Amino acid sequence: MSDSPARLWRALVSADPSRPFVTAYDDLGDRIELSRATLDNWVSKTSNMLVDGFGTQPGDRIALSLPPHWQSLAWALSCWSVGARAVLTGGGDAPEVAVAGPDQLAAALDGGAEEVVGTSLDPLGLPLREVPPMVTDYTVEVRGHGDHFPAYPVDAAEPALESADRVLSGAEVVAAGRDLVKAWDLGERDRIAVVVAPGAPLAALGSDLAVLTAAIDSGTPLVLTPPPREGGLQAFLDRMGSEGVTVLFGDEPEGGLPFRRVSL
């Protein structure tokens, strides 16, 4: 049986729940770190919200108008956990659910989705400052759902990701990540810094989200961070050194630390 992203994620969490999986910095330098278990708690709650709150079925399309963020990772993993298709680009039929940050909510409301979910993208998961009519505030709604999501019979051959005018099965999403693991020579002792400008689309992790699935397959923690501000290169490099970063992906600043600079 081919591996699906959800199956890989469950295996990773079970292997070492307390190990860090994602550390995120915002453009003010605020930091939050989530272990595999903590992120999985958000994944479980979100999956339960999708199924119990929105009636999501395998094969449903969920549009993710989100930047690289720890909540975005939870949403992608939740889509795959319930057998839904994560949609990274607009166009086509209206999705069953649209998820958007504050700057994309108006477009999401105009997109014809049956349900629109807004998230503040606050580092600590705070609620939206303003909730437009017909929008569900993610971080308020999700907290009322269960901390455990039962293993769903997700078929790895079914569509899991829609991006750049193509549709990938769960098995193909996993294969894209494994290709990066091999190309980048990733292991659990590595740590990948994903350096992206604020507001970059989630597809900055690859149109097939390969950086995410590579991290899951190899057990390599992620550090999500904006590029250094003007005059802040040394502070950025020091921060990456303190985080134990070994692999640098994205908007690559020049610097002297021994990162492996990689690209898709």
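Residues numbered from 1 in each chain as written. Predicted model: local features only at pLDDT ≥ 70, side-chain atom pairs only at ≥ 80, totals over all residues. Heavy atoms only, no water.

(A) Focus on the overall build of the protein. When helices and strands are counted, the protein shows eight helices and 13 strands. Viewed in the frame of its principal axes, the protein has a C-alpha envelope of about 50 × 45 × 35 Å. Out of the 264 residues in the protein, the part that is buried amounts to 53%. For the protein, long-range pairs separated by at least 24 residues make up 67% of all intrachain contacts whose partners lie at least 6 apart in sequence. Surface exposure of the protein reaches about 11700 Å², of which carbon and sulfur atoms provide 50%. (Helix = DSSP H or I, 4+ residues; strand = E, 2+ residues; numbered from the N terminus. Buried < 20%, exposed > 50% of the residue type's maximum accessible area, 1.4 Å probe, protein only. Contact = heavy atoms within 4.5 Å. Areas by Shrake-Rupley, 256 points an atom, 1.4 Å probe, with all protein chains shown as cover.)

(B) The arrangement of the pairing of strand 9 (residues 166-169) in detail. Of the pairings in the sheet, the one linking strand 8 (residues 159-163) to strand 9 comprises four bridges and is antiparallel in character. Within strand 9, the residue paired with Pro 159 across the bridge is Ser 169. The turn linking strand 8 back onto strand 9 is made up of two residues, and Ala 164 within it adopts a positive phi angle of 50 degrees. (Pairing = 2+ DSSP bridges.)

(C) Region of interest: the sheet that holds strand 11 (residues 222-225). Ordered by their spatial adjacency, six strands build an open sheet running 2-1-11-10-12-13, and the pairing between neighbours is mixed. In this open sheet, the two strands that pair with only one neighbour each are strand 2 (31-35) and strand 13 (260-262). Each adjacent strand pair in this sheet contributes to an overall mean axis angle of 20 degrees, direction not counted. Note that strand 1 (residues 20-25) and strand 2 share five bridges and pair antiparallel. Within strand 2, the position partnered with Pro 20 by the bridge is Ser 35. In this fold helix 3 (residues 70-82) packs onto strand 1, strand 2 and strand 11, with an angle of close to 135 degrees to the strand it touches most, strand 1. (Axes fitted to C-alpha atoms, helices over the stretch in contact; angles between N-to-C directions.)

(D) View of the side chain of Ser 218. With respect to the element layout, Ser 218 can be found in helix 7 (residues 210-218). With residues up to four places along the chain from it excluded, the contact list for Ser 218 reads Val 181, Leu 186, Gly 187 and Glu 188.

(E) Representation of helix 8 (residues 233-243) in the model. The complete set of buried residues in helix 8 reads Phe 236, Leu 237, Met 240 and Glu 243. Down the axis of helix 8, the buried set is contained in an arc of 125 degrees. They therefore lie on one face. Across from the buried face of helix 8, at angles greater than 90 degrees, the exposed residues are Gln 234 and Ser 242. Those residues of helix 8 that are buried are in contact with strand 1, strand 2, strand 10 (192-195) and strand 11. At the C-terminal side of helix 8, Gly 244 shows a positive phi close to 75 degrees. (Arc of directions from axis to C-beta.)

(F) How the structure looks around the side chain of Ser 78. Structurally, Ser 78 is set in helix 3. Among residues more than four places away in sequence, those in contact with Ser 78 are Trp 42, Val 43, Thr 46, Ser 47 and Leu 50.

(G) Structural view of unusual backbone geometry. Non-glycine residue Asp 185 carries a positive phi angle of around 55 degrees. Structurally, Asp 185 is set in the loop between helix 6 (170-184) and strand 10. The backbone of Leu 209 sits at a positive phi, close to 55 degrees, despite the residue not being glycine. For Leu 209, the position within the fold is in the loop between strand 10 and helix 7.

(H) Quick peek at the environment of Arg 85. You can see Arg 85 is positioned in strand 4 (residues 85-87). Placed 32 residues apart in sequence, Arg 85 and Gly 53 show a C-alpha to C-alpha distance of 17 Å. With residues near it in sequence (within four places) discarded, Arg 85 still touches Asp 60, Arg 61, Ile 62, Pro 159, Ala 160, Leu 161, Glu 162 and Val 167. A polar contact of 3.0 Å, which involves the side chain of Arg 85, links it to the side chain of Glu 162. (Polar contact = N/O pair within 3.5 Å; in protein donor to acceptor, adjacent residues only side chain to side chain.)

Everything listed here is a matter of geometry and, on its own, says nothing about what the molecule does.
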